[in-house]
Amino acid sequence: MMAPPTELIDQVRALAVQAPSRTYFLALRVRLDALRFQIVACEVWEGDSDLRWTRRTDLPAASGATRLDLERVLVTAGYVYPLESSGRPRWRPDSEHGSFWLDITMPW
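Residues numbered from 1 in each chain as written. Predicted model: local features only at pLDDT ≥ 70, side-chain atom pairs only at ≥ 80, totals over all residues. Heavy atoms only, no water.

## With respect to the side chain of glutamate 71
Examined against the element boundaries, glutamate 71 turns out to sit in helix H2 (residues 67-76). For glutamate 71, a relative accessible area of 4% corresponds to the buried category. Excluding anything up to four places from it in sequence, glutamate 71 contacts Tyr81, Arg88, Pro89 and Trp91. (Helix = DSSP H or I, 4+ residues; strand = E, 2+ residues; numbered from the N terminus. Buried < 20%, exposed > 50% of the residue type's maximum accessible area, 1.4 Å probe, protein only. Contact = heavy atoms within 4.5 Å.)

## Regarding a nonpolar patch on the surface
A cluster of nonpolar side chains, namely Phe25, Leu51 and Trp53, defines an oily patch on the protein surface of about 310 Å² accessible area. With relative accessibility at 55%, the residue leucine 51 sits in the exposed group. (Patch = residues over 30% accessible without salt bridge, like charges linked within 9 Å, V, L, I, M, F, W, Y side chains within 5 Å. Areas by Shrake-Rupley, 256 points an atom, 1.4 Å probe, with all protein chains shown as cover. Salt bridge = Lys/Arg side-chain N within 4 Å of Asp/Glu carboxyl O.)

## What about the packing of aromatic side chains?
Tallied over the entire structure, the rule returns 1 aromatic pair. Here the basic side chain of arginine 67 rests over the ring of phenylalanine 100, its NZ or CZ set 4.6 Å away from the ring centre. (Phe/Tyr/Trp six-rings, centres within 6.5 Å; stacked < 30°, edge-to-face > 60°. Lys NZ or Arg CZ within 6 Å of the ring centre and 35° of its normal.)

## Here's the deal with the environment of alanine 16
Mapped onto the fold, alanine 16 is located in helix H1 (residues 6-18). Of the residues examined, alanine 16 reaches a relative accessible area of 17% and is grouped as buried. Note: C-alpha distance between alanine 16 and glycine 78 (62 residues apart in sequence) is 9.6 Å.

## Looking at the sheet that holds strand S2 (residues 38-47)
Taken in spatial order, the 5 strands of this open sheet run S3-S2-S1-S5-S4, and their pairing is antiparallel. Strands with a single pairing partner mark the edges of an open sheet, and in this sheet they are strand S3 (53-58) and strand S4 (92-94). Taken over all neighbouring pairs, the strand axes of this sheet differ in orientation by 35° on average, direction set aside. Relative to S3, S2 runs antiparallel, the two sharing 5 bridges. Residue pairing across strands places valine 44 opposite threonine 57, the latter belonging to S3. (Pairing = 2+ DSSP bridges. Axes fitted to C-alpha atoms, helices over the stretch in contact; angles between N-to-C directions.)

## Some words on the pairing of strand S5 (residues 99-104)
Where a strand is regular, its side chains alternate between the two sheet faces. Across 6 bridges, strand S1 (residues 25-33) lies against S5 in antiparallel orientation. Residue pairing across strands places arginine 31 opposite serine 99, the latter belonging to S5. Sheet topology note: the S4/S5 ladder contains 3 bridges and is antiparallel. Paired with aspartate 94 across the two strands is serine 99, which belongs to S5. In textbook terms, the turn of a hairpin is the stretch between consecutive antiparallel strands, and for S4 and S5 this stretch comprises 4 residues, one of which, glycine 98, has a positive phi near 65°.

## Let's talk about the environment of threonine 66
Along the chain, threonine 66 falls in the loop between S3 and H2. Owing to a relative accessible area of 27%, threonine 66 belongs among the partly exposed residues under this scheme. For the pair formed by threonine 66 and valine 30, sequence separation is 36 residues and the distance between their alpha carbons is 9.9 Å. Ignoring any residue separated from it by four or fewer positions in sequence, one finds threonine 66 in contact with Phe37 and Ile39. A polar atom in the side chain of threonine 66 sits 3.0 Å from the backbone nitrogen of aspartate 69. (Polar contact = N/O pair within 3.5 Å; in protein donor to acceptor, adjacent residues only side chain to side chain.)

Structure representation (structure tokens):
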């Protein structure tokens with residue numbers, strides 16, 4: 001198993017520094033290459049207390065990584081995310097856009 005790219009770790013860690021407020025919600029939206037299950041694109045979305053979501057930035061270093069790589073990087077950076085009863089991260093499918101969403105909580 002290969003380690004995730006250092007650039008991805010740096011980009012994920014930078015999210016906490018760039019956040020305008022700890023009261024905002026974050027979610028990652030990824031699109032996958034269906035044949036290899038690699039990430040093609042990863043976006044960071046931010047929601048406010050009124051649950052209005054806006055696209056915040058891309059994580060270009062996630063391209064070519066897997067969701068498992070991204071999950072490990074998030075944990076390394078101190079983020080948490082909801083889990084299924086099986087203990088796996090709760091990725092939400094978005095069939096309309098062919099993507100998956102993962103809600104994350106920023107490290108304190």
